[in-house]
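Letter by letter, the chains look like this.
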Amino acid sequence: MRNIGVNDTLDRDILQFTLDWATANDVSVTGTEVVTQLLPITRRYSDIAERDQALREAVRRIEIARLEASL
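Residues numbered from 1 in each chain as written. Predicted model: local features only at pLDDT ≥ 70, side-chain atom pairs only at ≥ 80, totals over all residues. Heavy atoms only, no water.

Our focus in this paragraph is the side chain of arginine 51. Its location among the elements puts arginine 51 in helix α3 (residues 48-70). Of the buried charged residues, arginine 51 lacks a salt bridge, with aspartate 52 as the closest side chain of opposite charge at 7.4 Å. With near-sequence residues (within four places) excluded, arginine 51 lies in contact with Phe17, Ile41, Thr42, Tyr45 and Ser46. (Helix = DSSP H or I, 4+ residues; strand = E, 2+ residues; numbered from the N terminus. Buried < 20%, exposed > 50% of the residue type's maximum accessible area, 1.4 Å probe, protein only. Lys, Arg positive; Asp, Glu negative; His and termini not counted. Salt bridge = Lys/Arg side-chain N within 4 Å of Asp/Glu carboxyl O. Contact = heavy atoms within 4.5 Å.)

Structure representation (structure tokens):
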């Protein structure tokens, strides 16, 4: 059995923050979109305002891609 280290705890916290952010902002994203597009943003930005803005921009890109795919 593997010991849970600091990085595992940090990864879990970052994932939980991202999921909570998506829920609180009523964002409809798939698990794949969270992991591939939103999670890297949460990791990259420590400033709360910059992170929020980057997450919102990513969600807009996701929504645009969905609209374009449905045409």
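What follows concerns the environment of aspartate 52. By the element assignment, aspartate 52 lies in helix α3. For aspartate 52, a relative accessible area of 25% gives the class partly exposed. Sequence separation of aspartate 52 and tryptophan 21 is 31 residues, and the distance between their C-alpha atoms is 8.7 Å.

Time to look at the packing of helix α2 (residues 31-44) against α3. At a minimum axis separation of 9 Å, α2 and α3 run at an interaxial angle of 155°. It follows that α2 is roughly antiparallel to α3 by the angle criterion. The handedness of the crossing between α2 and α3 comes out as right-handed. Here Glu33, Gln37, Leu38, Ile41 and Thr42 of α2 lie close against α3, whose contacting residues are Arg51, Ala54, Leu55, Ala58, Val59, Arg61, Ile62 and Arg66. (Axes fitted to C-alpha atoms, helices over the stretch in contact; angles between N-to-C directions. Parallel < 35°, antiparallel > 145°, perpendicular 65-115°, else oblique. Left-handed = near helix turned anticlockwise from the far one by under 90°.)

Bringing the pattern of salt bridges into the picture now. Taken as a whole, this structure holds 4 salt bridges when the rule is applied. Here glutamate 33 ties to arginine 66 by a salt bridge, and the two come within 2.5 Å at their closest N and O atoms. One end of the pair, glutamate 33, is in helix α2; the other, arginine 66, is in helix α3, and 33 residues separate them in sequence. Exposure remark for glutamate 33: the relative accessible area of 13% places this residue in the buried category. Note that arginine 56 and aspartate 52 form a salt bridge whose closest N and O atoms lie 2.8 Å from each other. One end of the pair, arginine 56, and the other, aspartate 52, are both in helix α3, 4 residues apart, so they sit about a helical turn from each other.

Geometric descriptors of this kind do not, in isolation, establish any biological role.
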